Structure formats: C-alpha cells, structure tokens
There are 2 protein chains.
Amino acid sequence: MNEVTARRARGGGGSARRAERTAVSLETARFITRNIPNFEILNEEALQIIEWNAETVLEEIGVNFLENPAALQRWRDAGADVRGERVHIPRGLARKLCATAPSSFTQHARNPARNVEIGGRSLVLAPVYGPPFVRDHEGGRRYATMEDFRNFVKLGYMSKWLHHSGGTVCEPTDVPVNKRHLDMLHAHMTLSDKPFMGSVTEPSRAEDSVEMAKLLFGAEFVDQNTVMTSLVNINSPLTFDATMMGALEVYAAANQAAIVSPFIVGGAMAPVTVAGTLTQVLAEVLAGVAYSQLIRPGAPVIFGAFVTSIDMNSGAPTFGTPEAAHITYGAGQLARRLGLPYRSGGSFCGSKLPDAQAAYETANSLNVALMSGVNFMLHACGWLEGGLVSSYEKFIMDADQLGTLHHLAQGVAVDANGQGMDAIREVGPGGHYLGCAHTQANFKSAFWRSDLFDYKPFETWEEEGARDTEVLAAARVKKLLADYQRPALDEAVAESLSAYVARKKEAAPDAFI
Amino acid sequence: MNEVTARRARGGGGSARRAERTAVSLETARFITRNIPNFEILNEEALQIIEWNAETVLEEIGVNFLENPAALQRWRDAGADVRGERVHIPRGLARKLCATAPSSFTQHARNPARNVEIGGRSLVLAPVYGPPFVRDHEGGRRYATMEDFRNFVKLGYMSKWLHHSGGTVCEPTDVPVNKRHLDMLHAHMTLSDKPFMGSVTEPSRAEDSVEMAKLLFGAEFVDQNTVMTSLVNINSPLTFDATMMGALEVYAAANQAAIVSPFIVGGAMAPVTVAGTLTQVLAEVLAGVAYSQLIRPGAPVIFGAFVTSIDMNSGAPTFGTPEAAHITYGAGQLARRLGLPYRSGGSFCGSKLPDAQAAYETANSLNVALMSGVNFMLHACGWLEGGLVSSYEKFIMDADQLGTLHHLAQGVAVDANGQGMDAIREVGPGGHYLGCAHTQANFKSAFWRSDLFDYKPFETWEEEGARDTEVLAAARVKKLLADYQRPALDEAVAESLSAYVARKKEAAPDAFI
C-alpha cells in the first residue's frame, strides 16, 4: 500500500542494535488525503440562512467571556460592544477576524515522518480523549490509571492507521489532578513519536505543555513551528470560561494549535433542530476563533464541532444517529466556507460493551466524518459508553476500521490498469479472474483487508473457539502490548523531560480535585 | 414521525373483532424519499470511460446466452452479431433498447397503503434473500426450515422500517426443491400484506408465481400492474443462463419487474479493480435489460449490482469494504445515467455472529447504499456469514438501524422552526434547552431513537443483566413473534391460494435437488 511507509522501531547504542534484530515491524500510514468529493447536505440558501443567523446571534444575543477582564478588553479594543461579561460582536466582525487564521497548517512530530498536515483535503486520526474509566475484556470496567494511559499511548503508537497520539487517552485517576498532565505529556513524548496534544485544564498546565515541548523539539523550533494541537471546549451555549480561554491564550501566543470546539448534546446545549444547532455552533466557533486571532493573528486554529443528539425518553446522549450526521455534514460546509480546518467525528457510541450496538453507532459516525470533510478526527478509536470509558478492545477494533477510511478516500483509479480491459478480454464470458495476469499484478493492494476480523470458513472458526470480535481484539491487545518497543529518543532529551516532570511535581502539593 | 402511518392489525368476523381489541399497534414507514443529494464518486470523464468500455465489451467480447435458441434469435432479429451462443452487441444497441424500460414504477401490495415506488429518489427496503441456514441466539446455526421462513416473513411484516416482504428470506430446506416456491409465495401472500418477490429458480416456478399473484390480486389487475419484483442474477462474467433468462422472460412478458443483477465477488467474477468491475457490471446490465425489452418493451426492470470484494489471503468474500463502497457508488451513477432504478446494498457482513464485526460491516454497507442512490435494497436486514445464514437477532438489529436511513434521507429543515432562533434567544448564553418552548414543541420527532439499543445508565444496565445487543435482540424476536397477528385476507382468496398450492404439490413427485 503506497500510503504506508514501513519502518522498524529503533533504539540507541548496543541494546538498540539487539532490539533492531528482534524488532516488530511497525507501519504507520500517512495522514489521509482525500481523492473523493465531500458530501454537501446543505444547499447555498440553507448555508446563507445559517450564516446570517449566526451573525445575528453574535450581535444581538452575544457571548459570555467569564472571569476574564483581559478578554473583555481585547474585544472592546476590537470593536465589540461589551456589557458586563457579555460580548456583542457586530455583524461581520468575527468573520473578518477569523480571516488571519491559516486554512491549513503542519503539526510537527518528533519523528518528521509522522508530521501531519491539518486542513485542505487531509484527514488526521487521533484516539479517544477524556474517559475516566477503562474497560477490558478480562477486567471489565474500572477507573483508569496511569498504567492504562501508557498502554493506550503504546497501542496508538503501534496502530497502522492512527496518525496522532492524541491527548488524554484516558484520565489517569491515580495521579493527582494538578500533576497528571506532566505524566501524560511525558508518556506521549517518550512512548510514541507521533504528534500529540497539550494540556488545557489550567493555563499553567498549558504553559507546562509548551515548556516540555521546547525540551523535546528545542525552544527555537517550537517558537517557529506548531508541535501541539490542543482541545479547547466551549461551554455551550455561547459561554467561554476562563480556564479554557486561559489555555487558548497560552497556545495561541505560542503559535500552537487549538481546536475551538462547541461541546453539544442537541436539545440540551443547543436547539433541538439541526439548523438551529448549526447556527449556534457557527456563532460559537466564530467568536472563539476570532478571539484566538486577537491573541495572535495567524495562530493556527481548528473549527471544532462535537455534536450529538439526545434520547428524549431518558436524557442520555445518543451516538451514530442521523441528526448527528446532519450536523456533522453541515458544520463541515460551514468550516470550509470560513476557510478553517475542521474537527469532528469519532468512534462515538453509547453502548456499554464493544458489541454490535457500539459498532453500528461507531461505523455510522466514522463514515460521516470521512464524507463530511473532517480534517482532524479526535476520538477516532477506543470510545465507549458515551465517552465515559476508553475500551482496550474497541480501540483495536476501531483502529482497524480506520483502514477503510484510508482506502475509501483514495477514490477510483481510471487509468489503464484501473480499467482492467485486458483482464476482461483475457477471461471472457464464463471465465474466472483469480488466475489472470491483471489480478496477479494487483491483488496485494487491490482490496482493504481487516487485520482483526475473522474471514475463515465456519468450520475453522468453530474449531478455533467460535470467537467474537471482542475476544479476537482482546488477544490482539495482549500481543501488541507484549510486542511494543519504545521509539528511540536522545538520552539527554529524555533526561531533561524526566527532570522537568520531577521538579514540577515536587514544587506543589498533590491535589485531587 | 410524519412518514409513519399508524395502523392496527385487522382480521375478519367475530374473532377479528376480538383480535382488534388486543391488537398490537403496527406501524410501517412509507418507503424513503430522499431529500439529500446522492454521493457522486466518479467524475464525468471516468463515467464516460467506463461507458465506452462497457460498449466495447458488448461489441468485441460479447455475452453468452446459454441453451436458449429463442434468445439468440431475438438478438439476431434486433441486430446483434450472434456466433454460436455468443452475442456480440453493436456499440449503442443495448443502450438504445434499454430506453423503453421505465425509470420508475409502482409495485403494488395487496394492502394499497404498502405500495412502493421503485426509482427516482425513492428507496425501498426488503429483507435478506437466499440463505440455506438460520441462526438464533439459543439454537445456534442450523439448516433453515419452512417454519423459519414463516417466522422471518412475520418479523418483516412487523418491522416498522421495512417496506417489502422480500423473497427467499431463507431457504426452507425441509420442503422439496420443486415445491418450496409454492409455500414461500403462500407465506408472503397470507402472512404479510407488504409487496413481495416471485420465484426465479425455474421458468415454471415464475409462472406459478404469476398465477398465484392473479389469485391474490385478480387476473386483470396483474395484467395491468406490477405486483412482483423478482431477482434475476447474471452468471458473471458475461453469462446469461437459461434458468434465469427463462424466469426473466416469464416476468417481462407478464409486465412484472425483474432485478437484472450481476453477482460479483471482485477479483473472482470481475476484474480486481473498481473501474474494471464497473465496466463489466454495466455491460452485463445493459445486455440483460436490453433483453428484457426484447421480450416486452416497457417491462419494468431494475439495474442490479451485487458486488463485493475478496480476501486475497483466504479467497473469502469480504463485506463492508471500501472497494465495495466504490463500486456501489459508481454503479448508482451509471444506473441514473441509464435512467433505470438501481438495486444494490444490504446488511452485508462476513461475520459468523451478530457481533461487532457484523455491525461494522453492515453499517458501512447500509450507509453507502443510502448515499449511492439505491432505489431497491434487497438484504436490508438479517444477512449473516456472507449470506449463508439468516440471523434472527441480526434481522431485528439491522431492521432497527434502517430507521437511521429514513431520518438521514429527510435532510435538514431550514424553515423558521428548523432555524430555532427563538430558542437561542430564549435560552441565551449559559442556559439550558431541555425546558424551552422550541424543545417541547419538537422533541418527539426531532431525533431518531433506536427501539433496541440500550440507552440506560451503566448501573441500571448492569442490574438488568449487562445484556449485549444480541441478547436484547433475542428478547425482541420472541416478543414480536408472540405478538404477531395475521393481516386480514378475503376468505375466498385465501382458500383459492391454498387450493392452488395443494393442487400443484400433488401434481409432481418431490425433488430434493
């Protein structure tokens, strides 16, 4: 497969040479470049209505910037009408401010072969973010620990179709709240060489993220390049709190990327209708992105949209639903018209188990994300139970399915080889293609193939224990973690990172809330 | 939901009145009318290349019409170059002949509220077709019987999102091969009032299907209307056998619809590349549909494409793959350019169990079918293990998911209610939408909701037995079959159907091959 660059895990010195001889072959696909159209669900008239309404929301209703006098002053200086903590943004101002944000940017990885392009026709896949629980087939559901966190970073590093190491792949609840970001960053930086996300739970933790990135990449490099993409959620509806805005301010000032992302369960945090939700999403993103450009014009930023529907019987958020699809498609169109990279989609599901419900919901979500033109897909694998749980088995199952997106995005080749006329001539009516020259020349790359699913005849499958997908995935989790080898890292850099973490941990008492 | 027409099962006479009082409320959604665009994966140049190549295949390579001298004579008379059993069709002739086929037609059901429109922007959903085995949660996998067949017809009748009763929902292997079509038709005609398919396994069985339809609908009605849509597979590559063509001849002559459908596992029955497979599919459909119009110009016919990929390691067909998606999207474009209704898609999967693999593969396939403009989706629910098995639980799981297609196809409303500006004004920054007037007015119809999935909190779900989707579906199967009530049928009609079946069964010895 031409988008896969084969490599072997490497270490340094004698132990590395020994490792080399026994190394696990490790492939990582290049980020997806779409060679297929985006699906455009809204027509021009609908788009104009939503855009007009979003500006009305900003001007007439306004947005709250809470406990953040500096932000209010910045808005005043930019021409907004600030009353108390409410910022009324005149029609057109936010969109004008957004114009300085780049339509595409490179996020660098410490291994340059893992750099990703975010924007345009690209799609970058990152794992699940945020769950306080983990689940595995043997142990069931339990609070996540730092060991789980490291395991998920390792699994992400070894996943062929995953381009990004992500951020809070699970919440390491055994580490104090005020220190866990240090361990999490350290894990991403040392256990993987894929790009990663910074901390957003306090401005000071965003600063730690930037400092540690400087140790890893060099201070000058970080000043001049984007090496982190971090998740800045908006408190929908229309509220920007000081914590998240503080993190955004740190990252924007440091030229690091932020995903400005409404977090919406439709019917609760936004109107119960699709067009209404899209209006609010657009208003919120316009305000948030505009604010990032007030901090530093040109700072890289992503149009985010975490949106799903609600079960009106129980109040539970629901996933993989048609209404979530409508919103995801529509928000992609709005992002492209705004000239911004787009974040949405993910391995969303409400199921408690990695069962059929989980897979239907997830497959619906993943397909929509590809077709809606998403550029950065957080939660692309491992999400379970409405985001409460990072599932080991589902991580593997979803990560395998991400291969289908890579192949779908390639589109259809219609060159002479693609047309296959020689094959049709060679085989003729009633013949068989398996042995023909064209099939022999193409069979290795022609069809995507799962590395996980069972393709065996019924009898063989039954003899082997009649295993379902979860059981197959559990075996694969064990094998991957056993095979894992740490990517090489300069020893001085590794030591400086460890020293930074130790120093910062010692400097403050533990806090658990 | 405005596309759902509520009704109650009805019987005749006193027992019917008693039944009425205890009747299960039965809803069936109207067939889908798309209010969203189709996904167009091929550009104009690619389409023209494939169309040109398909004509080259027909003219230069030709197609075989086996053991069918009358067909060869018809082709000769139409201007084809017939050599032995090989028919070379001059460039443009097949397409010209196809022009008399209608772009859309009505298939009538005995309950007129169940009539379906096949073509244009419609999507009609029919259940799995053909498996010799069934599987259920308690009994596992076993050969299908006539009792299973009747059960699946009942489940199809009770499925809200299924518009069509289908055909061979499983192969009733306990009934002689030469008589089972009689029992199958009888089941569709009496246990359901949705439209159904006729038999194609012998021309005489197609004739029985027409005769029985005349008893059900009246002879005159059948002469003037389409009451059956039947599946005529092509022996890909490029071969039309006498059995299937014999059935096609019977149905076309009787103005009954046929799906002319290449049956292709890519790399085995067609080139290993997408464009090559599309070329062969188009050539085969052009020849088959043209032939139907030689039998009777104007006979209703559907552009079929059963296509999937192959696992080159094991030779097993694989489902829900990106290559199958490419072909399904492309064939839809070719069908629309030919002005024919399009059949493709289905609840395809290779898994042995209704587990996560099955659901990923199926969801991929269902989503692609919707987006590719399919008008008639056979196998829309219940398919398992590469089509070897009709699964009770998966039938229910898939049928539930078909609701997402209905809602997706509705598109996005941007009227004043859809825009929801009053709600955004009412709630404002930091508020909550659950209680607002707009939410109250819309919540019942705003979001699709599964009738099967678990949306409960973790603790409740655990207390209730931590059931996975298969277990939930098994319970629903039992409940539906227990609740089933036969739709009313005129007693004289019912007797004439039973008498026809009995007479035909007596007239011939049993045959089991």
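Residues numbered from 1 in each chain as written. Chains lettered and ligands numbered in written order. Predicted model: local features only at pLDDT ≥ 70, side-chain atom pairs only at ≥ 80, totals over all residues. Heavy atoms only, no water.

Undergrad: Explain the interface of chain A and chain B here, please?
TA: By a frequent convention, interface size equals the accessible area lost on bringing the separate parts together. Of the residues lining the interface, 110 residues belong to chain A; the matching set on chain B comes to 110 residues. Taken together, both faces of the contact between chain A and chain B bury some 9200 Å²; the carbon and sulfur share is 69%. Area buried by chain A at its contact with chain B is led by Tyr360(A), Pro429(A) and Phe447(A), which between them contribute 9% of it. Inspection of the chain A/chain B interface yields six salt bridges. Between Arg425(A) and Glu60(B) there is a salt bridge; the shortest N-O distance is 2.5 Å. The tally of links between chain A and chain B comes to 42 residue pairs in polar contact (both at pLDDT 80 or more). (Contact = heavy atoms within 4.5 Å. Buried area = accessible area lost by both parts, 1.4 Å probe. Salt bridge = Lys/Arg side-chain N within 4 Å of Asp/Glu carboxyl O. Polar contact = N/O pair within 3.5 Å; in protein donor to acceptor, adjacent residues only side chain to side chain.)

Undergrad: Quick question: what am I supposed to make of the relation of the copies chain A and chain B here?
TA: Relating one copy of the chain to the other takes a rotation about an axis and a shift parallel to that axis. It takes a turn of 180° to lay chain A on chain B, together with a shift of 0.0 Å along the axis; the resulting RMSD is 0.0 Å. Viewed as a symmetry operation, the transformation between the two copies matches a two-fold axis. The rotation axis passes nearest to the C-alpha of Ala356(A) in chain A, at a distance of 2.2 Å. (Least-squares fit on C-alpha atoms with pLDDT ≥ 70 in both.)

Undergrad: Please explain the side chain of His188(B) as it appears in this structure.
TA: Residues and elements named next belong to chain B. Locating His-188 in the fold gives a position in helix α6 (residues 180-191). Under the relative-accessibility criterion, His-188 is labelled buried at 1%. Among the polar contacts made by the side chain of His-188, one reaches the side chain of Ser-165 at a distance of 2.7 Å. Sequence-distant contacts of His-188, defined by excluding residues within four places in its chain, comprise Phe-149, Val-153, Ser-165, Gly-166, Gly-167, Val-169 and Phe-196. (Helix = DSSP H or I, 4+ residues; strand = E, 2+ residues; numbered from the N terminus. Buried < 20%, exposed > 50% of the residue type's maximum accessible area, 1.4 Å probe, protein only.)

Undergrad: Looking at this structure, I do not really get the nonpolar core. What am I missing?
TA: Proteins that are soluble and globular tend to have nonpolar side chains buried together. By size, the foremost hydrophobic cluster in this structure holds 333 residues, and its most contacted members are Phe65(A), Trp75(A), Phe303(A), Phe65(B), Trp75(B) and Phe303(B). Residues in contact with Phe65(B), not counting those within four places in the same chain, are Ala71(B), Leu72(B), Trp75(B), Glu85(B), Val87(B), Phe240(B), Met245(B) and Tyr291(B). (Core = buried A, V, L, I, M, F, W, Y, C linked by side-chain atoms within 4.5 Å.)

Undergrad: Which parts of the structure should I look at to understand the confidence of the model for chain A?
TA: Any segment with low pLDDT has predicted coordinates that should not be analysed in fine detail. Mean pLDDT over chain A: 94, with 95% of residues reaching 70 or higher. For this predicted complex, the interface confidence reaches an ipTM of 0.95, while the overall pTM sits at 0.95. (pLDDT = per-residue confidence, 0-100.)

Undergrad: Sorry if this is basic, but what is going on with the packing of helix α11 (residues 322-338) of chain A against helix α13 (residues 392-409) of chain B here?
TA: Each pair of packed helices gets described by two things: the angle between the helix axes and the distance between those axes. The geometry of α11(A) relative to α13(B) is characterised by a closest axis approach of 8 Å and an angle of 40° between their N-to-C directions. Classified by the angle between their axes, α11(A) and α13(B) sit oblique to one another. Between α11(A) and α13(B) lies a crossing of right-handed hand. Contact residues: α11(A) offers Pro322(A), Glu323(A), Ala325(A), His326(A) and Tyr329(A), while α13(B) offers Thr404(B), His407(B) and Leu408(B). Residues belonging to the contact of α11(A) with α13(B) are distributed by class as follows: four nonpolar, three polar and one charged. (Axes fitted to C-alpha atoms, helices over the stretch in contact; angles between N-to-C directions. Parallel < 35°, antiparallel > 145°, perpendicular 65-115°, else oblique. Left-handed = near helix turned anticlockwise from the far one by under 90°. Nonpolar A, V, L, I, M, F, W, Y, C, P; charged D, E, K, R; others polar.)

Undergrad: Quick question: what am I supposed to make of the environment of Glu85(A) here?
TA: All names here are of chain A. Along the polypeptide, Glu-85 turns up in the loop between β5 (81-83) and β6 (86-88). As for Glu-85 and Leu-66, which are separated by 19 residues in sequence, their C-alpha atoms are 6.0 Å apart. Leave out the neighbours within four places in its chain, and Glu-85 touches Val-63, Asn-64, Phe-65, Leu-66, Glu-67, Asn-68 and Leu-72.

Undergrad: Sorry if this is basic, but what is going on with helix α2 (residues 44-61) of chain A here?
TA: A turn of α-helix holds 3.6 residues, and therefore any two residues three or four places apart point the same way. For α2(A), spanning 18 residues, the distance from its first C-alpha to its last is 25 Å, which sits close to the expected 26 Å at 1.5 Å a residue. Gly62(A) lies just past α2(A) and shows a positive phi near 80°. (Expected span 1.5 Å × (residues − 1).)

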